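Each chain, letter by letter, is given below.
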Amino acid sequence: MARADALRGEVEGALRSADVLAGVLTDLARRWGTEPRPVAPTTAPAAVPPPVRDDQVAEDERFLLAVLTEQPKAVAEVVDWLRPVDFADPAHGQLYRCLGALHHRGEPIDRITLLWEAQRRGLLADGTLSGAQVTALCDDVIPGSAAWFGERVMRSSLTRTAAASARAVRALAEDEALGPGRLINHALHALGPLDEVRARWRAANGSPASKPPTAPSAGGPPAARVQAARARSTPHPAPSPPARTGPVPAPAAARPPSRGHS
């Protein structure tokens, strides 16, 4: 669903699927006799290859940084919910961090101060950024809304995070050494980053945060599939006692009511 939403430029399908998964995991944990709680795996997860760069995502990030540099007051529109980690290009994330630092300290934002902040943080010395990148970014005069470009960057971040959480849960499910309780709690932990990005996405859109349902919502996986997942941990009924093969004694005759003596 995260991949499909990324192609469509949407996020709601991935969020609905994550809610269904969290609800099923919570239900399975209680059926297993434990309280559902996120627990980090003891071993580090296997390295995941970086996603293929999307030209449209990179362009949105450049446009956002250009708008924030050209319109310094626009930083206040996105700084409360957009984070450097939301940028697919780490260099773009570092530039956004520099802009946020200048905004936080109340210093002017322009080409010189942005380049100075990047140099002060050692981003030019370690090769993360070059002076030409900063100059090219500042030369781009992009008319537009910082909030609009910020939401596009946020949407891309959410779908990437959902895909990463899905890969982590799948890897856990394929580990035959994990018991059911540990698998459930590790899977809930893998969904944690998505919950954090979702909360900021809701804040960006001004919509209240939603709670994961305990039952599949409309538009989620088929009910039969969810029921099958739950049935795997449903305790089997105890076998009934074997029927008697011998003759069954007749019930004792009822005693007549006693009569008083005359």
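1. Quick word on the overall build of the protein
And step 1. Assigned secondary structure in the protein consists of 11 helices and 0 strands.
And step 2. When the helices and strands of the protein are placed in sequence order, the string is α-α-α-α-α-α-α-α-α-α-α.
And step 3. Across the 262 residues of the protein, 33% fall into the buried class.
And step 4. Taking as baseline every contact in the protein between residues at least 6 positions apart, the subset at least 24 positions apart corresponds to 73%.
And step 5. For the protein, the accessible surface area stands at approximately 16,300 Å², while carbon and sulfur atoms represent 58% of it.

2. Some thoughts on helix H7 (residues 131–139)
And step 1. Of the positions making up H7, those classed as buried are Val134, Leu137 and Cys138. Along H7, the residues classed as buried sweep out an arc of 95° about the axis, all on the same side.
And step 2. Residues of H7 that are buried make contact with helix H3 (55–70), helix H5 (90–105) and helix H6 (111–120).

3. Topic: helix H9 (residues 180–190)
And step 1. When H9 is considered as a whole, its buried residues turn out to be Gly181, Ile184, Asn185, His186, Ala187, Leu188 and Ala190.
And step 2. The inward-facing, buried residues of H9 abut helix H2 (12–32), helix H8 (146–173) and helix H10 (192–205).

4. A word on the packing of H3 against H5
And step 1. Orientation of H3 relative to H5, taken along the N-to-C sense of each, is 20°, at an axis distance of 11 Å. With respect to H5, the element H3 is oriented roughly parallel. Between H3 and H5 the crossing geometry is left-handed. In this structure, H3 uses Ala58, Glu61, Arg62, Leu65, Leu68 and Thr69 to contact H5, whose residues at the interface are His92, Leu95, Tyr96 and Leu99.
And step 2. When the residues that make up the contact of H3 with H5 are grouped by side-chain class, the tally is 6 nonpolar, 2 polar and 2 charged.

5. Some thoughts on the pattern of salt bridges
Two side chains bearing opposite charge may form a pair once their charged atoms approach each other closely.
And step 1. Counting across every chain of the model gives 12 salt bridges.
And step 2. The partner of Arg200 in a salt bridge is Asp86, with the nearest N and O atoms 2.6 Å apart. Remark: Asp86 occurs in the loop between helix H4 (75–78) and H5 and Arg200 occurs in helix H10; sequence separation between them is 114 residues.
And step 3. Its relative accessible area of 7% is what places Arg200 among the buried residues.
And step 4. Under the relative-accessibility criterion, Asp86 is labelled buried at 0%.
And step 5. Among the salt bridges present, the one from Glu117 reaches Arg120, with a minimum N-O distance of 2.9 Å. Of the two residues, Glu117 and Arg120 are both situated in helix H6; the distance of 3 residues between them amounts to about one turn of the helix.
And step 6. For Arg120, a relative accessible area of 47% translates into the label partly exposed.
And step 7. Each of Arg105, Glu107, Glu117, Arg120 and Arg121 takes part in salt bridges that share partners, so that together they form one network.

What counts, and at which threshold
Residues numbered from 1 in each chain as written. Predicted model: local features only at pLDDT ≥ 70, side-chain atom pairs only at ≥ 80, totals over all residues. Heavy atoms only, no water. Helix = DSSP H or I, 4+ residues; strand = E, 2+ residues; numbered from the N terminus. Buried < 20%, exposed > 50% of the residue type's maximum accessible area, 1.4 Å probe, protein only. Contact = heavy atoms within 4.5 Å. Areas by Shrake-Rupley, 256 points an atom, 1.4 Å probe, with all protein chains shown as cover. Arc of directions from axis to C-beta. Axes fitted to C-alpha atoms, helices over the stretch in contact; angles between N-to-C directions. Parallel < 35°, antiparallel > 145°, perpendicular 65-115°, else oblique. Left-handed = near helix turned anticlockwise from the far one by under 90°. Nonpolar A, V, L, I, M, F, W, Y, C, P; charged D, E, K, R; others polar. Salt bridge = Lys/Arg side-chain N within 4 Å of Asp/Glu carboxyl O.

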